[in-house]
Amino acid sequence: MPDDIPQSLARILARIETAARRAGRDPAAVTLVAVSKTHPAEAVAAALAAGQAVFGENRVQEAAQKFPPLRERHPSLRLHIIGGLQTNKARDAVRLADVIESLDRPKLAQAIAEAMAKENHRPELMIQVNIGDEPQKSGISRAEAPGFLRACREEWGLPVTGLMCIPPAEGDPRPHFAALAAMAKEHGLAKLSMGMSGDFETAIEEGATLIRVGSAIFGARPYPAGA
Ligand SMILES: *Cc1c(COP(=O)(O)O)cnc(C)c1O
């Protein structure tokens, strides 16, 4: 585990502040989600000790192992599930998470609605949009997103508060961030999760309210985590 987690966090927070001010935005309107996937609970504990409260994990099983003990000691901790979610993991995700950012298809919406009723817990939800319309990438297509959002709200009564995206790895992410921001605005969604270690300043300029930063805080991942 890198022992410079507090310094890395401080550097990221300073960069968030600079990017927000440059864009004429309030830095407090941007929440840093520290993506701790593949890193041990000790790394999360080090970030918590440095004042970081919001974390992101992309695998439910890994989150289930790391987070419940940490929560007991840190009641203010907030966990976001940010990775592709299988329907058979929906119940665990609903039990564990404060926010699920990766809602991307009707079957999952249905499973989450059922899990919420059983668990009597309603984490906030964000719809993941495949903003570059890339084959093989998770996220609902741009064309299907409005209808899916309507169904989430009307058919399943789900608490959808925003949109999330991972832009294509190649090329300029800015137009994709701008497109996601426009879609959120059009549908009255206040939250926008976009921007990672390599592009979060651009995302902030385009209106991100949540940025998901992993390697710039915790260092390189010890093994690939998928996405
Ligand atoms: C891993 C991951 C991140 C963080 O990526 P970094 O490049 O390490 O900052 C953000 N979002 C999702 C969905 C991820 O899976």
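Note: the structure precedes this text.
Here is what the cut-offs are and how they apply
- Residues numbered from 1 in each chain as written.
- Predicted model: local features only at pLDDT ≥ 70, side-chain atom pairs only at ≥ 80, totals over all residues.
- Heavy atoms only, no water.
- Helix = DSSP H or I, 4+ residues; strand = E, 2+ residues; numbered from the N terminus.
- Rg over C-alpha atoms; globule rule 2.2 N^0.38 Å.
- Buried < 20%, exposed > 50% of the residue type's maximum accessible area, 1.4 Å probe, protein only.
- Contact = heavy atoms within 4.5 Å.
- Near = heavy atom within 4 Å.
- Polar contact = N/O pair within 3.5 Å; in protein donor to acceptor, adjacent residues only side chain to side chain.
- Areas by Shrake-Rupley, 256 points an atom, 1.4 Å probe, with all protein chains shown as cover.
- Nonpolar A, V, L, I, M, F, W, Y, C, P; charged D, E, K, R; others polar.
- Salt bridge = Lys/Arg side-chain N within 4 Å of Asp/Glu carboxyl O.
- Expected span 1.5 Å × (residues − 1).

Colleague: What exactly am I supposed to notice about the overall build of the protein chain here?
Modeller: Helix and strand content of the protein chain: 9 helices and 9 strands. Relative to the 2.2 N^0.38 estimate, which gives 17 Å for 227 residues, the radius of gyration of the protein chain is 17 Å and therefore close to what a compact globule would have. C-alpha atoms of the protein chain, sized along the principal axes, occupy 45 × 40 × 30 Å. Within the span of the protein chain, comprising 227 residues, buried residues form 50% of the whole. Restricting to contacts in the protein chain with at least 6 residues of sequence separation, those with at least 24 account for 61%.

Colleague: Teacher, can you tell me more about the site of the ligand here?
Modeller: As a matter of local geometry, the ligand sits amid Val35, Lys37, Ile82, Ile166, Met196, Ser197, Arg212, Val213, Gly214, Ser215 and Arg221. A distance of 2.6 Å separates an oxygen atom of the ligand from a polar side-chain atom of lysine 37. Arginine 212 places a polar side-chain atom, nitrogen or oxygen, 2.8 Å from a nitrogen atom of the ligand. Contact with the protein chains removes 93% of the 390 Å² of surface that the ligand exposes when unbound. Looking at side-chain class alone, the shell around the ligand contains 5 nonpolar, 3 polar and 3 charged residues.

Colleague: Would you explain the pattern of salt bridges in this entry?
Modeller: A side chain with one charge can pair with a side chain of the opposite charge if their charged atoms come near. Summed over the entire model, instances satisfying the criterion amount to 15 salt bridges. Between lysine 66 and glutamate 57 there is a salt bridge, with the nearest N and O atoms lying 2.8 Å from each other. Classification of glutamate 57 as buried rests on a relative accessible area of 0%. One salt bridge connects arginine 95 with glutamate 119, and the closest N-O pair in it is separated by 3.3 Å.

Colleague: I would appreciate a short explanation of helix α7 (residues 174–186) in the present structure.
Modeller: Spacing of three or four residues puts side chains on the same side of an α-helix, whose turn is 3.6 residues. Over its 13 residues, α7 runs 18 Å from end to end, which matches the ideal 18 Å to within 8%, given 1.5 Å per residue. Among the structural elements, β5 (124–130), α6 (145–154), β7 (160–165), β8 (191–193) and α8 (200–205) are those in contact with the buried residues of α7. Immediately downstream of α7, the backbone of glycine 188 shows phi near 65°, a positive value.

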